[in-house]
Amino acid sequence: MSELPTAGPPTVRPATRADVPAILEIYNHAVLHTTASYDLEPVSLESRLAWFDQRVRGGWPVLVTARDGEVTGWATFGPFREKPGYRFTAEHSVYVRHDCRGQGLGRALLLALIGEARGRGLHSLVGGVDAGNAGSLAFHEGLGFRQVAHFREVGFKFGRWLDLVFLQLPLTGEGAGVP
């Protein structure tokens with residue numbers, strides 16, 4: 001992959017099926033090298049295409065950032081839980097290509113998701129972050145998310161137990177996040 005320029009704001013747009021191989025590459029790198037996902041093995045292109053098609057059919061957003069035509073990050077949200085009482089809360093995911101981190105792409109993606117969630121009348125966004133991922137925790141907190149739960153040793157990857165933190169951003173009412 002070529003070195004991408006950092007100047008100028010990133011482009012955020014809805015993902016297309018043609019973006020799925022790049023989304024897959026970004027995700028699988030995170031699976032293999034980080035605790036951003038608790039998946040243990042890379043996922044296949046077929047499974048990621050099915051995931052994308054399911055998101056689209058369900059009306060859930062999948063967004064990407066791109067520079068010079070290359071996908072540099074992606075984000076989505078979907079149901080927090082399947083029961084109808086949770087219908088005003090969504091859980092989000094944001095992934096940035098490993099060689100493009102620290103360039104504002106994650107922020108651009110998450111701000112776009114927050115706008116999309118508010119536009120849909122959602123009340124709350126939730127994110128699950130590995131407790132050892134200080135960068136992601138600070139990133140979320142910088143956008144108004146607050147830690148609301150800390151689950152100890154609920155994941156196991158890379159030969160060790162992992163803690164999971166839930167962060168929440170109220171989107172409406174008292175205490176609604178700033179963005």
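Structure report, in brief. Every chain's residues receive numbers from 1 upward, in the order its sequence appears when written. With the structure being a predicted model, the display of local features is reserved for residues of pLDDT at least 70 and the display and counting of side-chain atom pairs for 80 or more, all residues being used for whole-chain, interface and lining totals. Side-chain figures throughout are based on the complete set of non-hydrogen atoms in the structure, without hydrogens or water.

### Observations concerning the environment of P170
The topology assignment puts P170 in strand 7 (residues 160-170). Judged by relative accessible area, P170 falls into the partly exposed class, the value being 24%. Helix numbers and strand numbers start at the N terminus; a helix is a DSSP run of H or I with at least 4 residues, a strand a run of E with at least 2. Each residue's exposure class comes from its accessible area (1.4 Å probe, protein chains only) as a fraction of the maximum for that residue type: buried when under 20%, exposed when over 50%, partly exposed otherwise.

### Some thoughts on the pairing of strand 6 (residues 146-157)
Every other side chain in a regular strand lies on the same face of the sheet, so the side chains alternate between the two faces. Here strand 6 pairs with strand 7 via eight bridges, running antiparallel. Across the sheet, the residue bridging to Q147 is L167, located in strand 7. The rule for pairing is simple: two strands pair if DSSP sees at least two bridges between them. Hairpin connection from strand 6 to strand 7: two residues lie between these consecutive antiparallel strands, with F158 at a positive phi of about 55 degrees.

### Section: the sheet that holds strand 6
Backbone hydrogen bonds are what pair the strands of a sheet, in a parallel or an antiparallel way. The mixed open sheet is built from seven strands, whose spatial order is 1-2-3-4-5-7-6. Each of the sheet's edge strands pairs with one partner strand only, and the pair in question is strand 1 (11-14) and strand 6. The mean angle between the axes of side-by-side strands here comes to 25 degrees, regardless of whether they run parallel or antiparallel. Sheet analysis places strand 3 (residues 70-79) next to strand 4 (residues 89-96), joined by seven bridges and oriented antiparallel. Of the residues in strand 4, the one forming a bridge with G73 is V96. Whether two residues are in contact is decided by their heavy atoms: any pair within 4.5 Å suffices. Lines fitted to C-alpha atoms define the axes, with helix axes restricted to the stretch in contact, and inter-axis angles between N-to-C directions lie between 0 and 180 degrees. The strands that helix 2 (residues 45-58) touches are strand 2 (62-67) and strand 3; relative to strand 3, the one it contacts most, it runs at about 55 degrees. Lying on the sheet, helix 3 (residues 105-119) is in contact with strand 1, strand 2, strand 3, strand 4, strand 5 (124-130) and strand 7; it crosses strand 4 at an angle near 160 degrees.

### Considering the pattern of salt bridges
Criterion for a salt bridge: a side-chain nitrogen of Lys or Arg within 4 Å of a carboxyl oxygen of Asp or Glu. Evaluation of the coordinates by the stated rule reveals six salt bridges. Between D99 and R97 there is a salt bridge, with the nearest N and O atoms lying 2.6 Å from each other. The partner of R120 in a salt bridge is E116, with the nearest N and O atoms 2.8 Å apart. Under the relative-accessibility criterion, R120 is labelled partly exposed at 37%. For E116, a relative accessible area of 30% corresponds to the partly exposed category.

### Overview of helix 4 (residues 134-142)
For helix 4, the complete set of buried residues consists of S136, L137 and H140. Viewed along the axis of helix 4, the buried residues span an arc of 100 degrees, placing them on a single side of the element. Exposed side chains of helix 4 directed beyond 90 degrees from the buried face belong to A134 and G142. On the buried face of helix 4, the contacting elements are strand 4, helix 3, strand 5, strand 6 and strand 7. G144 sits one or two residues past helix 4 and shows a positive phi near 100 degrees. Our arc is simply the arc of the directions from the helix axis toward the C-beta atoms.

### Focus: the packing of aromatic side chains
Stacked, edge-to-face and tilted are the three classes for Phe, Tyr and Trp ring pairs, Trp counted by its six-membered ring, which pair at centre distances within 6.5 Å; planes under 30 degrees apart are stacked, over 60 edge-to-face, the rest tilted. Within the structure shown, the criterion is met by nine aromatic pairs. Ring plane angle 70 degrees and centroid distance 5.3 Å describe the contact between W51 and W74, whose orientation is recorded as edge-to-face. Of this pair, W51 sits in helix 2 while W74 sits in strand 3, and the two are 23 residues apart along the sequence. For W51, a relative accessible area of 15% translates into the label buried. Taking 5.4 Å as the distance between ring centres and 80 degrees as the angle between the ring planes, the aromatic pair formed by F151 and F166 counts as edge-to-face. Within this pair, whereas F151 is found in strand 6, its partner F166 is found in strand 7, the two being separated by 15 residues in sequence. Assessed through its relative accessible area of 37%, F151 is described here as partly exposed. In this scheme, Lys NZ or Arg CZ marks a charge over a ring once it lies within 6 Å of the ring centre and within 35 degrees of the ring normal. The side chain of R48 reaches across the aromatic face of Y27, ending 4.4 Å from its centre. Against the face of W51 rests R48, its NZ or CZ located 4.2 Å from the ring centre.

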